[in-house]
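Structural description and commentary
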Amino acid sequence: MKEKFKVAFIFCHEKCNPKKDRSVIESKEIIMYSVGCADYSQAEAVAREMVEKGCVAIDLCGAFGNEGVARISHAIERKVPVGAVHFDFHPALRDKTGDDLFQKDFWCIGL
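Here's a quick rundown of the structure. (Residues numbered from 1 in each chain as written. Predicted model: local features only at pLDDT ≥ 70, side-chain atom pairs only at ≥ 80, totals over all residues. Heavy atoms only, no water.)

Our next topic: the side chain of Glu 44. Structurally, Glu 44 can be placed in helix H1 (residues 40-52). Here Glu 44 is in contact with Arg 71, Ile 72 and Ala 75, once residues within four sequence places are set aside. (Helix = DSSP H or I, 4+ residues; strand = E, 2+ residues; numbered from the N terminus. Contact = heavy atoms within 4.5 Å.)

Here Ser 34 is to be found in strand E3 (residues 30-37). A residue is classified by how much of its surface remains accessible, and Ser 34, at 11% relative accessible area, is buried. Beyond its immediate chain neighbours, meaning those up to four positions away, Ser 34 contacts Phe 9, Phe 11, Asp 21, Arg 22 and Ser 23. (Buried < 20%, exposed > 50% of the residue type's maximum accessible area, 1.4 Å probe, protein only.)

Taken as a whole and assessed by the stated rule, the structure comprises 4 salt bridges. In this structure, Glu 49 engages Arg 22 in a salt bridge whose closest nitrogen and oxygen atoms are separated by 2.9 Å. Of this pair, Glu 49 sits in helix H1 while Arg 22 sits in strand E2 (residues 22-26), placing them 27 residues apart in sequence. The exposure class assigned to Glu 49 is partly exposed, which follows from its relative accessible area of 26%. When the shortest N-O distance is used, the salt bridge between Lys 79 and Glu 77 registers 3.6 Å. Its relative accessible area of 58% is what places Glu 77 among the exposed residues. (Salt bridge = Lys/Arg side-chain N within 4 Å of Asp/Glu carboxyl O.)

Another aspect to go through is unusual backbone geometry. The backbone phi angle of Glu 77 is positive, close to 55 degrees, even though this residue is not glycine. Turning to its location among the elements, Glu 77 is positioned in the loop between helix H2 (66-75) and strand E5 (82-84). Phi at Arg 78 is positive, roughly 55 degrees, even though this residue is not glycine. Structurally, Arg 78 is set in the loop between H2 and E5.

This brings us to the pairing of E2. With 5 bridges connecting them, E2 and E3 associate as antiparallel partners. If you follow Ser 23 over to E3, its bridge partner there is Ser 34. (Pairing = 2+ DSSP bridges.)

Ile 10, Cys 12, Cys 37, Met 50, Ile 58 and Phe 64 are the most contacted members of the largest nonpolar core, which has 24 residues in total. The biggest single contributor to this core is H1, with 6 residues. Other than its neighbours up to four places away in sequence, Met 50 contacts Ala 8, Arg 22, Tyr 33, Val 35 and Cys 55. (Core = buried A, V, L, I, M, F, W, Y, C linked by side-chain atoms within 4.5 Å.)

Next comes the structure, spelled out in structure tokens:
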């Protein structure tokens, strides 16, 4: 039997927990892991986990800014392609970018 094509979708929201906020969608030929993270550091760990599971690509949601995409690509040592929907600012994030919200070393207070 042919091995299924594995991909990951990682999204960020400050209230997500990657241990609980995850699902697997499986079709005849594809397995997609979807995981929510509270910040870029968690997303980096999840990306490494997804590469270990055999994912051949990682998609990032629009909450990831340019720095977030670069951090994920660097975290997995460019072992698989990282793609992203991109917003200059995201309507679901109070018109901020993930670069403003999801880096522990650059957390916006009082949003």
